[in-house]
Amino acid sequence: MTLFSYAILFLGALTPGLAPTLAGFVLGLLLMAVGSGFGSLSKSLMSIYVDPAHRSRLFSLVGMVEVLGSVFSQPLLAGLFSLGLRCGGTARGSACPTSGSRRSSRSRAPCSSSYGSRGRATAASQQ
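In this text, all values refer to a predicted model and were calculated from it rather than measured experimentally.

Colleague: What's the story with the overall build of the chain in this structure? I'm lost.
Modeller: Of the regular secondary structure elements, the chain holds 4 helices and 0 strands. Residues classed as buried in the chain amount to 14% of the 127 residues present. Considering only intrachain contacts with a sequence separation of at least 6, the fraction spanning at least 24 residues in the chain is 27%. Total accessible area on the chain is roughly 9800 Å²; 67% of this is exposed by carbon and sulfur atoms.

The structure is reproduced here in structure tokens:
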């Protein structure tokens with residue numbers, strides 16, 4: 001059951017990123033909600049293999065690992081988001097219709113126009 005929950009969570013996380021429509025995005029969110037029970041399922045599976053006298057120690061360790069993971073992952077995610085905004089284009093995550101493999105090397109996408117990272121026109125575009 002835990003493996004099934006992880007699989008559904010994986011599909012739910014993959015679907016919004018690849019969904020071309022809002023309905024596909026919402027379907028991905030629903031799959032993620034269904035698969036989000038993996039934490040409880042994993043803890044119940046772990047408790048089967050541990051002596052009842054040591055279960056509180058196990059759950060404390062699991063909680064500490066979860067907190068440490070979020071302490072390191074959240075600033076990393078924020079840094080990667082900032083890097084994507086600085087790179088622009090498809091790294092920004094925008095829905096630009098001319099981005100990707102359909103664009104030739106000579107054409108210029110409207111998303112990568114002469115605007116800087118803050119949306120202001122650059123000096124070269126004002127001339």
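There's more to say after this.
Colleague: Any chance you could explain the packing of helix H3 (residues 38-48) against helix H4 (residues 55-87) here in plain terms?
Modeller: Helix packing for two helices is described by the angle between their axes and how far apart those axes are. Between H3 and H4, the least distance of the axes is 10 Å, while the angle of their chain directions is 145°. Crossing geometry of H3 relative to H4 is assigned as right-handed. Between H3 and H4, the contacting residues are Lys 43, Met 46 and Ser 47 on the first element and Arg 55, Leu 58, Phe 59, Val 62 and Glu 66 on the second. In terms of residue class, the contact of H3 with H4 is built from 4 nonpolar, 1 polar and 3 charged.

Colleague: Explanation requested: a nonpolar patch on the surface in the structure shown.
Modeller: A grouping of Leu 22, Phe 25, Val 26, Leu 29 and Leu 30 is seen on the molecular surface, where their side chains present a nonpolar patch of about 470 Å² in accessible area. Within the fold, Val 26 resides in helix H2 (residues 22-35).

Colleague: Would you mind going over H2 with me for this structure?
Modeller: Since the α-helix turns once every 3.6 residues, residues separated by three or four places project in the same direction. The end-to-end C-alpha separation of H2 is 20 Å, in line with the 20 Å expected for 14 residues at 1.5 Å each. Every buried residue of H2 is accounted for by Gly 24, Gly 28 and Gly 35. Buried residues of H2 fall within an arc of 45° about the axis and therefore sit on the same side. Structural note: H2 exposes Leu 22, Ala 23, Leu 30 and Val 34 on the side pointing more than 90 degrees away from its buried face. Considering only its buried residues, H2 is in contact with helix H1 (2-18) and H3.

Colleague: What should I look at first to understand the packing of H1 against H3 in this one?
Modeller: Between H1 and H3, whose axes approach to 9 Å, the crossing angle comes to 155°. By the criterion of interaxial angle, the relationship of H1 to H3 is roughly antiparallel. Two packed elements cross with a definite hand, and for H1 against H3 that hand is left-handed. Along the contact surface, H1 presents Thr 2, Ser 5, Tyr 6 and Leu 9, while H3 presents Phe 38, Leu 41, Ser 42 and Leu 45.

Colleague: Hey, could you run me through the side chain of Ser 47 in this one?
Modeller: Within the secondary structure layout, Ser 47 lies in helix H3. A relative accessible area of 13% means that Ser 47 is categorised as buried. In terms of polar contacts, Ser 47 uses its side chain to reach the backbone carbonyl oxygen of Ser 44, at 2.8 Å. Discounting chain neighbours no more than four positions away, the residues touching Ser 47 are Arg 55, Leu 58 and Phe 59.

Conventions adopted
- Residues numbered from 1 in each chain as written.
- Predicted model: local features only at pLDDT ≥ 70, side-chain atom pairs only at ≥ 80, totals over all residues.
- Heavy atoms only, no water.
- Helix = DSSP H or I, 4+ residues; strand = E, 2+ residues; numbered from the N terminus.
- Buried < 20%, exposed > 50% of the residue type's maximum accessible area, 1.4 Å probe, protein only.
- Contact = heavy atoms within 4.5 Å.
- Areas by Shrake-Rupley, 256 points an atom, 1.4 Å probe, with all protein chains shown as cover.
- Axes fitted to C-alpha atoms, helices over the stretch in contact; angles between N-to-C directions.
- Left-handed = near helix turned anticlockwise from the far one by under 90°.
- Nonpolar A, V, L, I, M, F, W, Y, C, P; charged D, E, K, R; others polar.
- Patch = residues over 30% accessible without salt bridge, like charges linked within 9 Å, V, L, I, M, F, W, Y side chains within 5 Å.
- Salt bridge = Lys/Arg side-chain N within 4 Å of Asp/Glu carboxyl O.
- Expected span 1.5 Å × (residues − 1).
- Arc of directions from axis to C-beta.
- Parallel < 35°, antiparallel > 145°, perpendicular 65-115°, else oblique.
- Polar contact = N/O pair within 3.5 Å; in protein donor to acceptor, adjacent residues only side chain to side chain.

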